[in-house]
Amino acid sequence: MLVRGCGLRGIPTKLPAIRLLPRWYKRFYSENNNSTVLSDDDTLHKNELPLVLIKKAEEYSKEFIDLEKRLTKGENFNVDDQKRFAKCSSVAETLKTYEESLSELRELEEMINMDPSLKDDAAKEIAIKTPRFNELSSSLLGKLLPVHPFADKPCLVELRPGVGGIEAMIFAQDLASMYMNYAHIHRWKHHIISQQVNESGSGILSAVISIDQPGAYDRLRLEAGVHRVQRIPATETKGRTHTSTAAVVVLPQLGDDSEKTADAYERTFKPDEIRIDFKRASGKGGQHVNTTDSAVRLTHFPSGIVISMQDERSQHKNKAKAFTLLRARLAEKEQQEKEAAGIAARKEQVNSTDRSDKIRTYNYPQNRITDHRCGFTIHDIPGVMAGDKLDDIIDATRTYDTEQKAKNLIVD
Amino acid sequence: MLMAENRTIPHARQELRWLIQKFGSNNSATLFRACLERNRHVPLQYILGSQPFGMLDIKCKEGVLIPRWETEEWCLNLTDSIKRSKLINSGASNWKIMDLCTGSGCIPLTMINETKNLFSNQTRLYVDALDYSPIAIDLSKLNFKTNFDNKVALSQNFNVSFNIQKCNILNEPEIIQYLGKYKEKRKINILTCNPPYIPHHEFIKDVRSSVRMYEPKLALIGNLEFYKNLNDLWVGKNLIDSFVYEIGTLEQALYVQNNLPSSWISGITLDSNNKARCIFGYNKEANIDYSKIFNHFKQTAKVYASIANSDVTK
C-alpha cells in the first residue's frame, strides 16, 4: 500500500501523493454481510453505512417531511426551526440519492449472479459507480456527524518548543514556516501575531500565527498536539540523531484583532476577572521620558490564563492582540470541557484524536512522517515542510477523526 | 548599539525589529544610520517618524514633543467618558473643544476621531488647536491631513470642523482677540492642555537624556505659568465650562485647585503608573451637567484620593 520513499536525504523526492484509504472502508464492510468483494482493488469496495446510521438518517428525513407539512400549512418558522429544516432537508436529500445509488449497485451485482454473460459490462458499470457511491456515503456520514461549533472560524496556530533545547526551538520554527507555507499555498491570508526568537542562537521560543481564512480552524484543528522530530541537528557535532518535540496548539479565532472588537470584547469581562498590566518604568514619567515600551500583560483570573504581548509599538494594538489570544484560549478551553463532559457521560474512554500526546513523528534520516493517530505514513519530508503535501496528512487524520466520531455516534 | 537607550537585550531586539520593519533589512546603510542615531539618543519616534496614539498614527518631527502614553491614556479616557455621558445626543447644541499647546495635535485629533460619530445634523463639533510653535502648527496640520484625508471629506461625512491657529496662549489680549473673531461667541465646553510642566531645576536631574537632547525645551520646561493662565484667564474670565490639564507634579494641581472659584468642582487623576497625571474641573453652575462626563472620567482613572498619601508625590 505504501510507496517507499527512495529519495536520498535532503533531496526532494517527487513522489505521487499517496492517499491512504480510510480504514473504516474495511471496518464497516465487515459489519455488513450483504456486500460482496468485487475486486482486489480497494477503491471498488462498496462502502455502506451501518444500519444504525441509516436509521438515524431516516429519522431526519421523517422529521423533514413533518416540517414540510407544517410549512405547507403556513406555519411561521423561527430561526431554530429554519436551521433544523435546512439540516433535515439536506440529510434527506443525500439519503435519497444514497439509497438510489445503493439499489443500482445491488441490481448490478444481482445481474452478475443471474446472467454471467453480462458480467463484464456489469463489472465495468460497478467500477464506475462505486466511487460515486462512496462519495455519497461519506457525505451522508459527514452530514450525520455533529459539526464542530467553530468549524467555520479562522484560526490561530501557536507553536512552542518542547524537550530538546535549541533543536526543539529550531523544530518549532520549522513547523511555523510549514504552516505558513501551507496557508500560502492555499492562498489563505495569514500573519505572525507574535514571535519570540531565541536570543542565543536559532529557533523560536514561541510563535503565534493567525490564519484568517474562514474554516481554517476546522482544517487545522487536528494538527494540535505534540510533534516529534528525529534528526541530526544542525547544532550536533558528532553526527548523532536527536529526538526533540514541539507543541502545536490550534485555537479558533472568534473576532479579528482590530482595536474595536477587542474593546467590545473587553467589556464582556467583569472588572475583577481581568487585570491589564502595562510595563512601566519607574521615575517621573510624563514629559520627563519618552518610552518605547508598549508591552501589555493580560491576566484572566477565573482561568489562570496569562498573556503577554509586546510586538507592536502601539499599546492599543498589543492589548487588542492579547485579547484576541485570550478569547481564543477561553473558547478552546470551554469546547474541550464540553467534549470531556460528553465523553464522560458516555462512560467510554475514546482515544480522541484531538489531544492525544505525540501525534506525529518527523524522521529526517528516513525522510518519513508518521501520524500516530491514524498510522498514516508519507515519505516526503521536504514536500510536507514546504506545505504542499501537508494536505495528505491532514486528509488522513480527518478521515480517522470522522471514523472515530462515527463510532461514537453508533454507540449513542 | 541600541543598548545605549535600551536597558535590556529584549528591548533592544524589539527596537531593532521596528527599525527593520521601517527601513528594511537589505538597505543596510539606512538601517545602520538609524541605529547610529539611536545610539546617540535620538528618540525612536523621530527616527521612525511616527508614534501610534489611540487609533491614530501621529507623525513626529524634531522640534515637536512626542506624544506620551500618559496623554494617550487620559485622552482616551476622556473621549470614552464623553461617549458614555450621552450629553451630546441629548442637548441639541453645538460643542466646542479647545486644545492648548497642541504640539503634534494628538489630543484634538483623537477627540475628533473618537467622538465624530456622536455629532449629527443638529449638533456640530468645533475643535480648535492652539500652539505657539510654527513647527508644531505645521506638524499638526500634517497630522490632520494624514489621519482624516482632508477638511472637506471630514466636514462632508461628519458635522465636525477643525481649526489650527498660531497663538501665544500666555498673552491674554491676543487670546481674547482671537476668541472675539468668532461670530458665535460660544463658550468652550472642554478645554484640554498638555502644557510644558517640567520645572527648571528638574530638567537636568530627572529628564532622560534622549528627551533633554532632542525634544523641544519650549514644550517641556515650565511650571505654573499655564496653570496660572488657566485660573486667571479661562476660568477667571468665564470662557470655559470644564477643563482637563496634564500635570507633572502635584503642586501644580494643588495650585489650580486652591485658586478655583467655589462653583467649580475639581479632581486629580492618576495614570496607570500611579503618578498624578491630570487635573480636571467643571463649573457645576453650567448649563450642561458635566458631572456625567467627569464622574466616569474619575472612575476609570484612579483618583488621587488623599493629599496626605505622600508616596504619590515622590
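These numbers come from a predicted model, not from an experiment.

Next up on the list: the sheet that holds strand E9 (residues 360-363) of chain A. The strands that make up a sheet are held in pairs by hydrogen bonds between backbone atoms, and each pair lies either parallel or antiparallel. All names here are of chain A. Spatial strand order, E2-E3-E1-E5-E4-E9-E10-E11: 8 strands in an open sheet with mixed pairing. Edge positions in the open sheet fall to strand E2 (190-197) and strand E11 (376-378), since each of these has one partner strand only. For this sheet, the mean angle separating the axes of adjacent strands, direction not counted, is 15°. Alignment of strand E1 (residues 155-161) against strand E3 (residues 204-211), held across 5 bridges, turns out to be antiparallel. Among the inter-strand pairings, Val-157 is bridged to a residue of E3, identified as Ile-209.

With that settled, consider helix H5 (residues 165-185) of chain A. Counting along an α-helix, one turn takes 3.6 residues, and residues three or four places apart therefore face a common direction. Residues and elements named next belong to chain A. Here H5 spans 30 Å end to end across 21 residues, near enough to the 30 Å set by a 1.5 Å rise per residue. Those residues of H5 lying buried are Glu-167, Ala-168, Met-169, Ile-170, Phe-171, Ala-172, Leu-175, Ala-176, Met-178, Tyr-179, Tyr-182 and Ala-183. Two residues or fewer after H5 comes Arg-187, characterised by a positive phi angle close to 55°.

Listed per partner, the contact involves 25 residues of chain A and 47 residues of chain B. A combined buried area of about 3,000 Å² lies between chain A and chain B, and 47% of that area is made up of carbon and sulfur atoms. For Asp-311 of chain A, the salt bridge identified is with Arg-17 of chain B, shortest N-O distance 3.7 Å. For the pair chain A and chain B, the interface holds 15 residue pairs in polar contact (both at pLDDT 80 or more).

All names here are of chain A. Per-residue pLDDT for chain A has a mean of 76; in total, 79% of the residues score no lower than 70. Low pLDDT (under 50) marks residues 1-43, which in the prediction has 70 contacts with non-local residues, meaning those over four places away or in another chain. pLDDT under 50 marks residues 345-356. Its contacts with residues more than four places away, or in other chains, come to 24 contacts.

Next up on the list: unusual backbone geometry. Backbone geometry at His-41 of chain B places phi at a positive 70°, although glycine is not the residue there. With respect to the helices and strands, His-41 of chain B occurs in the loop between helix H2 (28-39) and helix H3 (44-48).

A few words on the sheet that holds strand E6 (residues 274-278) of chain A. Residue and element names in this part refer to chain A. Across the sheet, 3 strands lie side by side as E6-E7-E8; this open sheet has antiparallel pairing. Taken across any chain shown, the strands that pair with only one partner, and hence form the sheet edges, are E6 and strand E8 (305-309). Going across the sheet, the axis of each strand differs from the next one's by a mean of 15°, ignoring polarity. Of the strand pairs in this sheet, E6 and strand E7 (residues 296-300) are connected by 5 bridges, and their pairing is antiparallel. In the strand pairing of E7, Asp-277 is matched with Arg-297.

Attention shifts here to the pattern of salt bridges. Where charged atoms from two side chains of opposite charge approach closely, those side chains can pair. Across all of its chains, the model carries 25 salt bridges over all chains by this definition. Salt-bridge contacts for Asp-241 of chain B lead to Lys-187 of chain B; the nearest nitrogen and oxygen are separated by 3.4 Å. Within this pair, whereas Asp-241 of chain B is found in strand E7 (residues 240-246), its partner Lys-187 of chain B is found in the loop between helix H9 (172-180) and strand E6 (188-193), the two being separated by 54 residues in sequence. Members of the salt-bridge network, linked through shared partners, are Asp-218, Arg-221, Arg-398 and Asp-401 of chain A.

So, on to the confidence of the model for chain B. Summary statistics for chain B give a mean pLDDT of 83 and a share of 90% for residues scoring 70 or more. Counting contacts from residues 306-314 of chain B, a segment whose pLDDT is below 50, to residues more than four positions away or on other chains yields 8 contacts.

So, about a negative patch on the surface. Residue and element names in this part refer to chain A. Together, Glu-58, Glu-59, Glu-99 and Glu-100 give the surface a local cluster of negative charge. Elements with a minimum of two residues in the negative patch: helix H2 (51-72) and helix H3 (79-114). Take Glu-99: it is sitting in helix H3. Note on Glu-99: relative accessible area 35%, which makes it partly exposed.

This brings us to the packing of aromatic side chains. Counted according to the given criterion, the structure contains 12 aromatic pairs over all chains. For the pair Phe-280 of chain B and Phe-294 of chain B, a centre-to-centre distance of 5.3 Å together with 10° between the ring planes defines the contact as stacked. Of this pair, Phe-280 of chain B sits in strand E9 (residues 276-283) while Phe-294 of chain B sits in helix H14 (residues 291-300), placing them 14 residues apart in sequence. Site record: aromatic cluster; members linked through ring pairs are Tyr-227, Phe-243, Tyr-245 and Trp-264 of chain B. The ring centre of Tyr-364 of chain A lies 4.8 Å from the NZ or CZ of Arg-231 of chain A, which sits over that ring. One residue, Arg-124 of chain B, lies across the ring of Tyr-126 of chain B, its end atom 5.7 Å from the ring centre.

By the definition in use, this model includes 6 cavities of 30 Å³ or more. Computed from the structure, the largest cavity encloses a volume of approximately 160 Å³. Forming the boundary of the largest cavity are 18 residues, of which Thr-291, Asp-293 and Arg-313 of chain A together with Gln-51 and Trp-69 of chain B lie nearest the centre. For the lining of the largest cavity, the elements supplying multiple residues, two or more each, are H3 and helix H4 (69-85) of chain B. Tallying contributions element by element places H4 of chain B first for the lining of the largest cavity, with 3 residues. Looking at the lining of the largest cavity, its residues break down into 5 nonpolar, 8 polar and 5 charged.

All names here are of chain A. Where E1 and strand E5 (residues 242-252) come together, 7 bridges link them in antiparallel fashion. Along E5, the bridge assignment pairs Val-157 with Val-250. Pairing between strand E4 (residues 225-231) and E5: 7 bridges, direction antiparallel. The residue bridging Gln-230 from the neighbouring strand is Thr-243, located in E5.

It is worth spelling out the packing of H3 of chain A against helix H4 (residues 119-144) of chain A at this point. Residue and element names in this part refer to chain A. Look at H3 against H4: their axes get within 9 Å of each other, and the N-to-C directions meet at 160°. If you check the angle between H3 and H4, you find them roughly antiparallel. The element H3 and its partner H4 pack so that their crossing is left-handed. Looking at the contact of H3 with H4, its residues break down into 14 nonpolar, 7 polar and 7 charged.

On to the pairing of strand E4 (residues 125-131) of chain B, then. Residue and element names in this part refer to chain B. Counting buried residues along E4, 7 of its 7 residues qualify, which places the element largely inside the surrounding structure. Residues of E4 alternate between two faces, with Leu-125, Val-127, Ala-129 and Asp-131 on one and Tyr-126, Asp-128 and Leu-130 on the opposite face, all of them buried. At this point the chain moves from strand E3 (residues 95-100), through helix H6 (residues 106-115), to the parallel E4, and the crossover so formed is right-handed.

What follows concerns the nonpolar core. Residues and elements named next belong to chain A. Counting 40 residues, the largest nonpolar core has Val-157, Leu-159, Leu-175, Tyr-179, Ile-211, Leu-220 and Tyr-362 as the members making the most contacts within it. The set of elements that each furnish at least two residues to this core consists of E1, H5, E3, helix H6 (216-220), E5, E11, helix H9 (381-385) and helix H10 (390-411). Of the residues forming this core, the biggest block, 8 residues, is contributed by H5. Setting aside residues no more than four positions away along its own chain, Leu-220 makes contact with Cys-155, Val-157, Tyr-179, Tyr-182, Ile-211, Val-250 and Ile-394.

Cut-off values and rules
- Residues numbered from 1 in each chain as written.
- Chains lettered and ligands numbered in written order.
- Predicted model: local features only at pLDDT ≥ 70, side-chain atom pairs only at ≥ 80, totals over all residues.
- Heavy atoms only, no water.
- Pairing = 2+ DSSP bridges.
- Helix = DSSP H or I, 4+ residues; strand = E, 2+ residues; numbered from the N terminus.
- Axes fitted to C-alpha atoms, helices over the stretch in contact; angles between N-to-C directions.
- Expected span 1.5 Å × (residues − 1).
- Buried < 20%, exposed > 50% of the residue type's maximum accessible area, 1.4 Å probe, protein only.
- Contact = heavy atoms within 4.5 Å.
- Buried area = accessible area lost by both parts, 1.4 Å probe.
- Salt bridge = Lys/Arg side-chain N within 4 Å of Asp/Glu carboxyl O.
- Polar contact = N/O pair within 3.5 Å; in protein donor to acceptor, adjacent residues only side chain to side chain.
- pLDDT = per-residue confidence, 0-100.
- Patch = residues over 30% accessible without salt bridge, like charges linked within 9 Å, V, L, I, M, F, W, Y side chains within 5 Å.
- Areas by Shrake-Rupley, 256 points an atom, 1.4 Å probe, with all protein chains shown as cover.
- Lys, Arg positive; Asp, Glu negative; His and termini not counted.
- Charge placed at Lys NZ, Arg CZ, Asp CG, Glu CD.
- Phe/Tyr/Trp six-rings, centres within 6.5 Å; stacked < 30°, edge-to-face > 60°.
- Lys NZ or Arg CZ within 6 Å of the ring centre and 35° of its normal.
- 1 Å grid on protein atoms, 1.4 Å probe; cavity = no way out; pocket = protein on both sides within 12 Å on 5 of 7 lines; lining within 4 Å.
- Points joined across faces, edges and corners; volume = space filled by probe spheres on them.
- Nonpolar A, V, L, I, M, F, W, Y, C, P; charged D, E, K, R; others polar.
- Parallel < 35°, antiparallel > 145°, perpendicular 65-115°, else oblique.
- Left-handed = near helix turned anticlockwise from the far one by under 90°.
- Right-handed = clockwise from strand over helix to strand, strands pointing away.
- Core = buried A, V, L, I, M, F, W, Y, C linked by side-chain atoms within 4.5 Å.

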